[in-house]
Amino acid sequence: MRKVIFDQKKDGSCEIIFSEEEIKIITKYKKLYLTQEFLRHFSNTLVNMTIEFNKKFDEETKQLATFPNTEIITNKPKK
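Residues numbered from 1 in each chain as written. Predicted model: local features only at pLDDT ≥ 70, side-chain atom pairs only at ≥ 80, totals over all residues. Heavy atoms only, no water.

J.: Even after reading the chapter, I still don't get the pattern of salt bridges, so can you show me in this structure?
T.: A side chain with one charge can pair with a side chain of the opposite charge if their charged atoms come near. Considering all chains together, one arrives at four salt bridges under this definition. When the shortest N-O distance is used, the salt bridge between E15 and K9 registers 3.7 Å. Judged by relative accessible area, K9 falls into the partly exposed class, the value being 30%. A salt bridge links K55 to E52; the nearest nitrogen and oxygen atoms lie 3.2 Å apart. Placement of the pair is K55 and E52 together in helix α2 (residues 36-56), with a separation of three residues, close to one helical turn. Judged by relative accessible area, which is 56%, K55 ranks as exposed. Salt bridges here are not isolated pairs; linked through shared partners, they connect D7, K9 and E15. (Salt bridge = Lys/Arg side-chain N within 4 Å of Asp/Glu carboxyl O. Buried < 20%, exposed > 50% of the residue type's maximum accessible area, 1.4 Å probe, protein only. Helix = DSSP H or I, 4+ residues; strand = E, 2+ residues; numbered from the N terminus.)

Here's what the structure looks like:
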């Protein structure tokens, strides 16, 4: 099974690419279930990715702050 891929671009943006199996699970259940073990590995990966992602952000993006009520807007993928 192929795992989800986080593909960060040179401009700092990122595409999250799901496998066909992950897409089927999300389509059927409208959610993903994360076991303790999976969540541990996933969170370790996210911490590392956060460090790497921040290296490519411009200075304005690096200064953004996020709060519990911050609205986060997604966009359609670029082709």
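J.: Can you walk me through unusual backbone geometry in this structure?
T.: Apart from glycine, the bulk of residues carry a negative phi angle, and the bulk of peptide bonds sit in the trans form. Positive phi values are uncommon outside glycine, yet K30 reaches one of about 65°. Note that K30 resides in the loop between α1 (20-29) and α2.

Treat this as a map of the structure, not an account of what it does.
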